[in-house]
Amino acid sequence: VRFASAEGGCGMSLLASVGGTASQLLARTMETGFDDEQFRNYEELSIDEDLSLLERVKRYSLGGTTLQKIVFVREIPNCIEEAGLELALAEVLPLLAQLATEQEATVRQMLAQQLPRVVQLLVKNVWPEGAAEARAKAGSVAGPPALAAFAPEQTSKLDERAYRAVIEVVLPAIRSLIVGEGLAEGNNGGARNFMTSPQVTDSACAALLELTSWVREEDAGAHVLTLVLMLAHDDEAEERRVVAASLLGEMASLLSIELTTQFVLPEIVSLSDDSVFRVRKAAALKLGTVCALVGEPALGRAMSAFGRLSTDEIWGVRKAAAESLPQLAAVIPPSDRAARLLPLLSHFEQDPSRWVRNAAQQVLGPVIATLPSTSITSELLVRFCSLASPGAGTSITSDAETAYSCAYHFPAVLRAAGASRWSELSEAHSTLASDAQWKVRRTLAYSLHEIAALINEEAGERSVDAALLVVFDQFLKDVDEVRVGVLSHLAEFLANVSDAARRQNLQVLVEVQADHDNWRARTLLASQLSRLGQAYDLDSQADTLVPLALALATDQVAEVRIMTASELGPLLLLLHQGGAVERVRRFMGSIGQMSTSASCHRRLNFSLLASALLLARQLPWRLLVMVLLKPALGLADDPVANVRLAIAQLVANLLESALDDADVGDLDDAEQAEVAGRMEVAAARLEADSDRDVLRAIKRIRDPRFEPPKYEPALSSPVDRGARSPPPLPPDSDSPAAEVEDGDDEYFDSPATATTEEGGDERVEESSDSALKTVAGVAGGQGGQSLG
């Protein structure tokens, strides 16, 4: 919101992040004038737009109000990216030390949240191309990039200075955020009390882990690990030792195995014997993870530490040790796991604290899953199955979370024990499937296909029918939160039942598609069309799945149509390879007829489906050209700009992707020339279009940076090719479209509201122009790649 100040007339702006509250405040004050309190609010919300981003960050992050500091601290990564490394090193990074000791905790927390991005910007040139993208895809703190960083002599002086700034500037700032003021003065004599908030500490620890993953191995040990070890050795502030224990456990996967073995493991074992129980608890939670990374060399120390922790006087410490048992299993050789783990587990199950017993019950499943099948006794399975029946008279205390844990780990236990022992587990499975808590049933519903695959692998499809079909039908009739679990893996489950059961459940697919009140269920069904085609025979594909696909392709909700478009190619390819060529041709003909519909929504939907099939190129090119490409090119001068936009994106993708002989092998030279000519004519028409989005889409073939001219002021003429189509006329109007095709817009003309019980949210189907642009955007996928 821009306005002239009452005094100087200079350009000012409300901070974007404060939203409607600031707008309402401005409206009131502009009408009534400023009193003292309103003037203070105005000062807090206003900034000088004449300053550059760098100047604003320098001014407001240090000297502004708290709100201004928060906003411009958040802009620090953008400022570094905009200013470049040279200016960032000279002007921006010096701000970090002062901000890290800012009095307001909210400002320090915002700084901590921005530091991971700051680190990435400073070190990106020290890593090979693609390392940053691979790291981003892996997620935060998922381990160091697979590619090694360049050595100092392989980088430019500026890039190396930026990298050293991470060690010399960013790391000290993180240290200050974690420890407050105390650690900077050393551990001897002058250290003050721990002076930071838990929220700031958590954000700073996350930044430290991110930094660890981006620095060279030698710097990770010499600087980062040294900092954490210094925290671990701070005898005066127990909070720092708690933080150190947590950091050591998280950091172990980011360090070399040598550093982990030599420094991290001994330190975490030492902290597990600390005099303060909170430190012992934090160390117990991470001990199993560190031991698993070190492997068998850690076994002696690990068993000794777990034995000590299992008899700790504080129940919270014993509970943490119990929760780490599954990680400890990775250290023990498979042949010895039962002998070493089960006595510890039994000890925890008999603990006087209910919380420790519950923790032991919840790790029973994960522990069983690590054992060889020969080590899993019937008595152990009985103990696991008893978790499904809280309060059923067993010796093990169970509660709601225990039943959930039993359901969650059920497939892993079945895999470890073997499907041949299904009879020992089936009753527990039935009990969990009827549990009063929907979250227990939901967990089981999501894993039903995995259980079916395990039983089918050992006992065959008939055994799957007997064991799971009743539960499958039960979950399909359950609440939406449970039903979605079965529908998410419908194809995988049906692939493991008998042919007869599979055919009987064809009706389930039809019922899901016919459920107009649950668009999410229809989207899940659409996402599995090609996998369902693989599970069914040719007749079922042709008689049920293809009509089902056509219905989903013309669904009232755009998300369903988009998902269906991505699945059509693989499904039709199955049908074509099976010999049902004529059925495929008729189906595609039904799609082609949509190109001549009086409804712009149907023409746009045709563009989406045609683009998906043409760009996938999974069917014979001649068939695609005759049935889909020619009608699509004819829409290059459609009166509706959104349709032309979809065609422009299709033509651009086709022209950009070279068609090799395998793609056009069923067309002779004359036919290929005709297709090329038609595409050039369509491209020329689109390049002369008046719509900016259409021009941008088609012109990128020759100039990716092309930016179309801005629109001229609107004229009073009622006909404007560049304008978006007007809203549809009511059904009883004299519109020619209503006369030509009665009922043509059944799925499109009126907005439809789809409601689901998941979270109580609503989704209103888009019939606006922005929605059409969204659909058209999906139609313009990557050339030459399968959308399936």
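In this text, all values refer to a predicted model and were calculated from it rather than measured experimentally.

1. Comments concerning the overall build of the protein
Here comes step 1: From N to C terminus, the protein includes 43 helices and 5 strands.
Here comes step 2: For the protein, buried positions account for 52% of its 788 residues.
Here comes step 3: Once local pairs closer than 6 in sequence are excluded, the contacts in the protein between residues at least 24 apart make up 69%.
Here comes step 4: Of the accessible surface of the protein, which amounts to about 35,300 Å², a share of 51% is contributed by carbon and sulfur atoms.

2. Focus on unusual backbone geometry
Here comes step 1: Even without a glycine there, the phi angle at Arg-617 is positive, about 55°.
Here comes step 2: Within the fold, Arg-617 resides in the loop between helix 36 (600-616) and helix 37 (621-633).

3. What to know about the packing of helix 4 (residues 66-74) against helix 8 (residues 105-123)
Here comes step 1: It is the contact of helix 4 with helix 8, at a shortest axis distance of 9 Å, that shows an interaxial angle of 5°. Judged on the interaxial angle alone, helix 8 and helix 4 are roughly parallel. Residue-level contacts link Thr-66, Lys-69, Ile-70, Val-73 and Arg-74 of helix 4 to Thr-106, Val-107, Met-110, Leu-111 and Gln-114 of helix 8.
Here comes step 2: Here the contact of helix 4 with helix 8 is composed, by residue class, of 5 nonpolar, 3 polar and 2 charged.

4. Notes on helix 33 (residues 538-553)
Spacing of three or four residues puts side chains on the same side of an α-helix, whose turn is 3.6 residues.
Here comes step 1: Along its length, helix 33 shows its largest kink, about 35°, at Leu-545, and proline Pro-547 lies within four residues downstream of that point.
Here comes step 2: Buried residues belonging to helix 33 abut helix 30 (506-514), helix 31 (519-526), helix 32 (529-535), helix 34 (558-577), helix 35 (581-593) and helix 36.

5. Some details on the pattern of salt bridges
Here comes step 1: Enumeration over the complete set of coordinates arrives at 37 salt bridges.
Here comes step 2: The partner of Arg-278 in a salt bridge is Glu-238, with the nearest N and O atoms 3.1 Å apart. Here Glu-238 lies in helix 13 (residues 238-251) and Arg-278 lies in helix 15 (residues 277-294), a separation of 40 residues in the sequence.
Here comes step 3: Take Glu-238: its relative accessible area is 31%, and that puts it in the partly exposed class.
Here comes step 4: Note that Glu-379 is salt-bridged to Arg-383, the shortest N-O span being 3.6 Å. Pair noted here: Glu-379 and Arg-383 are both in helix 21 (residues 378-385), with a separation of 4 residues, about one helical turn.
Here comes step 5: With a relative accessible area of 13%, Arg-383 lands in the buried category.
Here comes step 6: Each member of the salt-bridge network shares a partner with another, and the members are Arg-692, Asp-693, Arg-696 and Glu-707.

6. Here's the deal with the packing of helix 37 against helix 40 (residues 669-687)
Here comes step 1: Where helix 37 meets helix 40, the closest approach of the two axes is 11 Å, and the angle between their N-to-C directions is 20°. Taken together, the axes of helix 37 and helix 40 lie roughly parallel to each other. Crossing hand, helix 37 versus helix 40: left-handed. Contact residues: helix 37 offers Arg-622, Val-625, Leu-629, Lys-630 and Leu-633, while helix 40 offers Glu-671, Glu-674, Val-675, Arg-678, Met-679 and Ala-682.

7. Description of the environment of Arg-617
Here comes step 1: Here Arg-617 falls in the buried class, since its relative accessible area comes to 15%.
Here comes step 2: Measuring from C-alpha to C-alpha, the distance between Arg-617 and Gly-569 comes to 7.9 Å, with 48 residues separating the pair along the chain.

8. Focus on the packing of aromatic side chains
Aromatic ring pairs are defined here through the distance separating the ring centres and the angle between the ring planes.
Here comes step 1: A full pass over the atoms with the stated rule returns 6 aromatic pairs.
Here comes step 2: Over the aromatic face of Tyr-404 sits the side chain of Lys-439, whose NZ or CZ is 5.3 Å from the ring centroid.
Here comes step 3: The ring of Tyr-711 has Arg-692 lying over it, and the distance from NZ or CZ to the ring centre is 6.0 Å.

9. Some thoughts on the side chain of Ser-203
Here comes step 1: With respect to the secondary-structure elements, Ser-203 resides in helix 11 (residues 198-214).
Here comes step 2: Among the residues examined, Ser-203 registers a relative accessible area of 13% and is labelled buried.

10. Observations concerning the nonpolar core
The tendency in soluble globular proteins is for nonpolar side chains to be buried side by side.
Here comes step 1: Core analysis: the largest hydrophobic core is formed by 234 residues, its most contacted members being Ile-76, Leu-208, Leu-468, Leu-509, Met-588 and Leu-628.
Here comes step 2: A total of 12 residues in this core trace back to one element, the largest contributor, which is helix 10 (residues 157-179).
Here comes step 3: When near neighbours in sequence (up to four residues on either side) are disregarded, Leu-628 contacts Met-588, Ile-591, Gly-592, Phe-606, Ala-610, Leu-613, Leu-614 and Leu-623.

11. With respect to the environment of Val-123
Here comes step 1: The topology assignment puts Val-123 in helix 8.
Here comes step 2: Sequence separation between Val-123 and Ala-165 is 42 residues; the distance between their C-alpha atoms is 9.3 Å.
Here comes step 3: Dropping the residues within four chain positions of it, Val-123 is found in contact with Tyr-163, Val-166 and Trp-214.

12. Side note on helix 20 (residues 354-369)
Here comes step 1: Its 16 residues place the ends of helix 20 24 Å apart at the C-alpha level, agreeing with the 22 Å of an ideal helix rising 1.5 Å per residue.
Here comes step 2: Largest kink in helix 20: about 35°, centred on Val-363, with the proline Pro-366 one to four residues after it.
Here comes step 3: A large share of helix 20 lies buried, amounting to 12 of its 16 residues.
Here comes step 4: Listing the buried residues of helix 20 in full gives Val-356, Arg-357, Asn-358, Ala-359, Ala-360, Gln-361, Val-363, Leu-364, Gly-365, Pro-366, Val-367 and Ile-368.

13. Considerations on the side chain of Ser-488
Here comes step 1: By secondary structure assignment, the location of Ser-488 is in helix 27 (residues 480-488).
Here comes step 2: With sequence-adjacent residues up to four places away left out, Ser-488 is seen in contact with Tyr-446, Leu-524 and Gln-528.

14. Regarding the environment of Glu-91
Here comes step 1: Within the element layout of this structure, Glu-91 appears in helix 6 (residues 85-92).
Here comes step 2: Residue Glu-91 is classed as partly exposed on the basis of its relative accessible area of 28%.
Here comes step 3: As for Glu-91 and Glu-55, which are separated by 36 residues in sequence, their C-alpha atoms are 9.4 Å apart.
Here comes step 4: Excluding anything up to four places from it in sequence, Glu-91 contacts Leu-54 and Lys-58.

15. Considerations on the confidence of the model for the protein
Here comes step 1: Taken as a whole, the protein shows an average pLDDT of 81; of its residues, 78% reach a score of 70 or greater.
Here comes step 2: Segment residues 182-194: pLDDT under 50, and 23 contacts once partners within four positions in sequence are set aside and those in other chains are kept.
Here comes step 3: Within the model, pLDDT remains below 50 along residues 392-397, and this stretch shows 9 contacts once partners closer than five positions in the same chain are excluded.

Conventions we followed
- Residues numbered from 1 in each chain as written.
- Predicted model: local features only at pLDDT ≥ 70, side-chain atom pairs only at ≥ 80, totals over all residues.
- Heavy atoms only, no water.
- Helix = DSSP H or I, 4+ residues; strand = E, 2+ residues; numbered from the N terminus.
- Buried < 20%, exposed > 50% of the residue type's maximum accessible area, 1.4 Å probe, protein only.
- Contact = heavy atoms within 4.5 Å.
- Areas by Shrake-Rupley, 256 points an atom, 1.4 Å probe, with all protein chains shown as cover.
- Axes fitted to C-alpha atoms, helices over the stretch in contact; angles between N-to-C directions.
- Parallel < 35°, antiparallel > 145°, perpendicular 65-115°, else oblique.
- Nonpolar A, V, L, I, M, F, W, Y, C, P; charged D, E, K, R; others polar.
- Bend = angle between axes of the 7 residues up to and from the residue.
- Salt bridge = Lys/Arg side-chain N within 4 Å of Asp/Glu carboxyl O.
- Left-handed = near helix turned anticlockwise from the far one by under 90°.
- Phe/Tyr/Trp six-rings, centres within 6.5 Å; stacked < 30°, edge-to-face > 60°.
- Lys NZ or Arg CZ within 6 Å of the ring centre and 35° of its normal.
- Core = buried A, V, L, I, M, F, W, Y, C linked by side-chain atoms within 4.5 Å.
- Expected span 1.5 Å × (residues − 1).
- pLDDT = per-residue confidence, 0-100.

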